[in-house]
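# A closer look at the structure
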Amino acid sequence: MASDLRARLLPENGEVVIDVEGRAETNGVGEYHTRSFSNPFDFVGAAPLVDLRLPSTIDPFRNHTPGFGGVYEWIKMVVCVPIAILRLVLFGISISIGFLATKLALEGWKDRQNPMPKWRCRLMWVTRFCSRCILFSFGYHWIKRIGKPASRDIAPIVVSNHISYIDPIFFFYELFPTIVASESHDSLPFVGTIIRAMQVIYVDRFSAPSRRQAVNEIKRKASCNGFPRVLLFPEGTTTNGRALISFQLGAFIPGFPVQPVIVRYPHVHFDQSWGNISLAKLMFRMFLQFHNFMEVEYLPIVLPQEKKHETVAQFAQRTSYAMASALNVVQTSHSYVDGMLLTRASELMKENCSNYMVEMAWADNLFQISTSDAMEFLDQFLAMDPDSNGCVQKHDFLICLGLEKSPLGEKIFSYFDVEKKNSITFRQFLLGSANIRKQPLFHEVCNTAFSKCDYEETGFISAEQLTHFLRSSCLGTIEQTFARLLNFFDIDNDGPVTRAKFMEGLWKYPILVAFFTCDPN
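Please read these numbers as outputs of a predicted model, since none were measured by experiment.

Per the secondary structure count, the chain includes 19 helices and 15 strands. Partitioning the intrachain contacts of the chain with sequence separation of at least 6 by distance along the chain shows that 71% fall at a separation of at least 24. For the chain, the computed accessible surface area is about 25,500 Å², with 58% contributed by carbon and sulfur atoms.

Take a look at the structure:
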């Protein structure tokens, strides 16, 4: 009896099959097979994927007071209007003087690859003082500091959480560091000139070579004491400060000691985070506050553990944990890409925009999804006309693909509809599409599909060849489907589809591979 109690309830290989009326089976690693439909992606080895990990209920980007509310706020707004006018004047004067001082400091300076000369740095003290006046104009009359910044010799890299546009203004005044910023910031009025004086390291998030070059620049400038310390916001975007999202690894790849800094904005009535609120509206609200609170805490230095063969990701995770513990917030698997997805949905006036977040750090770890890929999948999903809950109904899904009368369309939709609700979320669409594309056979199947369509071996596929192949294989005589499918490949409408364009189309729309691998039966 005792041995029976100690016996394993599950087999050691972790494979469990549950067959209730032929409904489902799982292999214990997150793959979900339904026997009620024929999987159109079996040919590439893509089993339907169940997201065993429930979507996070945390929205790390939402500003919790995006509008005015309550009698107190309205009274405060009326009382503070004269103060706001004075603050606006101070802001304008400060940024103008700072801009002129920066232009003077940069005048005639050609060698931007080497550290800024000392006399130019001294001129920048005028701009730094102006930045403190700007903080004052926004209501930050005093700023609480806990701890002290370590010397540059000890910790050449500083990392901080990122909540508001106020953060970089404070660090510019406090540390005058070299920062990493998007290339688009260079063209901003006034701001672009000032960040150039900080010997900014530009990066294009959509370009892998640009990211590699940025890492090399971080290492080069951090290793030379002639440059200021390097400041990075490893989250890559602003959050509401109630969670710490996943870190990008650029600050940790060089392997230098890192000093974490955490920023807090204690508040009661007005959330100062730059979340789902416009910059103009956030600035306006700040001008109408009696006082805005800000706390900056310098944490102990985090050293890389080379003797323990620590990976870059583990180094970043230790730093993230130290910051989350000091902030007393949770760590999530969201990334800056989730913020971009959120912004994209908001720009298109979609409701419940937080439903379009995926926890992209986690998804990228599984499927290596680039930022541009995620945005492309979102555009495809939005073209299917999701409802107010961010779900696409079966009918709309089939119409978008031109498959409303095709049995194949039902199979494709069932592949994504793992919960059998006759609707799919963006999370399910992205993970399912990425799962198809991740399969080792995907590229081979795409090449074979092109060869079958190009039966005349001309090196390109005409509309007639594509229609002939599809009609003879699995789509019957659904003429509107043929025309719609050709549009997916011939985006430029410039005639026959080459192999390169065909492969690009299937990579961009991986679900289309089902048209070329489906079973006619």
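Let us look at the packing of aromatic side chains. Enumeration over the complete set of coordinates arrives at 23 aromatic pairs. Measuring from ring centre to ring centre gives 5.4 Å for Phe-170 and Phe-171, while their planes differ by 70°; the resulting arrangement is edge-to-face. Like Phe-170, the residue Phe-171 is buried in the burial classification. Judged by centre distance (5.0 Å) and plane angle (85°), the ring pair of Tyr-415 and Phe-416 falls under edge-to-face. Given a relative accessible area of 2%, Phe-416 falls into the buried group. For the cation-ring pair, Arg-205 lies above Tyr-336, with the distance from its terminal atom to the ring centre recorded as 4.3 Å.

Now for the sheet that holds strand E9 (residues 258-264). Read from one edge to the other, the open sheet built from seven strands follows the order E3-E10-E9-E4-E7-E5-E6, with strand pairing classed as mixed. Across the chains shown, the open sheet's two edge strands, defined by having one partner strand only, are strand E3 (144-146) and strand E6 (201-203). Strand-to-strand, the axes of this sheet are offset by a mean angle of 25°, without reference to chain direction. By the bridge criterion, three bridges tie strand E5 (residues 178-182) to E6 in an arrangement that is parallel. In the strand pairing of E6, Ala-181 is matched with Tyr-202.

Side-chain positions along a regular strand alternate between the two faces of the sheet. Residues Glu-295 and Glu-297 point to one face of strand E10 (residues 295-298) and Val-296 and Tyr-298 to the other, with burial holding for every one of them. In the sheet, E3 pairs with E10 via three bridges, with the strands oriented parallel. The partner of Arg-145 across the bridge, within E10, is Val-296.

UniProt's feature table lists "transmembrane region" (unreviewed entry) at residues 74-102, given in the numbering used throughout. The distance separating the terminal C-alpha atoms of residues 74-102 is 39 Å; by composition the span is 100% helix and 0% strand.

Another aspect to go through is a nonpolar patch on the surface. A cluster of nonpolar residues, Val-71, Tyr-72, Ile-75, Val-79, Ile-83 and Phe-290, forms a patch on the protein surface that exposes about 560 Å² of accessible area. Tracing the sequence through the fold places Tyr-72 in helix H2 (residues 71-106). In this structure Tyr-72 comes out as partly exposed when scored by relative accessible area, which is 41%.

This part takes up unusual backbone geometry. The phi dihedral of Phe-176 is positive, around 45°, even though this residue is not glycine. In this structure, Asn-352 takes a positive phi of about 45° despite not being glycine. When you line up the elements, Asn-352 lands in the loop between helix H9 (336-347) and helix H10 (360-367). Taking the relative accessible area as the measure of exposure, Asn-352 reaches 41% and is therefore partly exposed.

Two elements in contact, helix H15 (residues 442-453) and helix H18 (residues 499-508), have axes whose closest approach is 10 Å; the angle formed by their N-to-C orientations is 135°. By the angle between their axes, H15 is oblique relative to H18. For H15 against H18, the interelement crossing comes out right-handed. Judged by residue contacts, Phe-442, His-443, Cys-446, Asn-447, Ala-449, Phe-450 and Ser-451 of H15 engage Arg-499, Phe-502, Met-503, Leu-506 and Trp-507 from H18. Of the residues contributing to the contact of H15 with H18, the split by class is eight nonpolar, three polar and one charged.

Our focus in this paragraph is the environment of Arg-196. Mapped onto the elements, Arg-196 comes out in helix H5 (residues 191-197). Measuring from C-alpha to C-alpha, the distance between Arg-196 and Ile-179 comes to 9.7 Å, with 17 residues separating the pair along the chain. A polar contact of 3.2 Å, which involves the side chain of Arg-196, links it to the side chain of Thr-193.

As paired strands, E5 and strand E7 (residues 230-232) are joined by two bridges and run parallel to one another. Paired with Ile-179 across the bridge in E7 is Leu-231.

We now examine the environment of Ile-369. Structurally, Ile-369 is set in the loop between H10 and helix H11 (371-382). Sequence separation of Ile-369 and Ala-434 is 65 residues, and the distance between their C-alpha atoms is 7.2 Å.

We now examine the pattern of salt bridges. Inspection of every chain in the model, using the stated rule, returns 12 salt bridges. Close ionic contact of Glu-410 with Lys-394 constitutes a salt bridge, the shortest N to O distance being 3.0 Å. Of this pair, Glu-410 sits in helix H13 (residues 407-416) while Lys-394 sits in helix H12 (residues 394-401), and the two are 16 residues apart along the sequence. For Lys-394, a relative accessible area of 22% translates into the label partly exposed.

Rules used in this analysis
Residues numbered from 1 in each chain as written. Predicted model: local features only at pLDDT ≥ 70, side-chain atom pairs only at ≥ 80, totals over all residues. Heavy atoms only, no water. Helix = DSSP H or I, 4+ residues; strand = E, 2+ residues; numbered from the N terminus. Contact = heavy atoms within 4.5 Å. Areas by Shrake-Rupley, 256 points an atom, 1.4 Å probe, with all protein chains shown as cover. Phe/Tyr/Trp six-rings, centres within 6.5 Å; stacked < 30°, edge-to-face > 60°. Buried < 20%, exposed > 50% of the residue type's maximum accessible area, 1.4 Å probe, protein only. Lys NZ or Arg CZ within 6 Å of the ring centre and 35° of its normal. Pairing = 2+ DSSP bridges. Axes fitted to C-alpha atoms, helices over the stretch in contact; angles between N-to-C directions. UniProt positions renumbered as here; feature names shortened; annotations may be inferred. Patch = residues over 30% accessible without salt bridge, like charges linked within 9 Å, V, L, I, M, F, W, Y side chains within 5 Å. Salt bridge = Lys/Arg side-chain N within 4 Å of Asp/Glu carboxyl O. Parallel < 35°, antiparallel > 145°, perpendicular 65-115°, else oblique. Left-handed = near helix turned anticlockwise from the far one by under 90°. Nonpolar A, V, L, I, M, F, W, Y, C, P; charged D, E, K, R; others polar. Polar contact = N/O pair within 3.5 Å; in protein donor to acceptor, adjacent residues only side chain to side chain.

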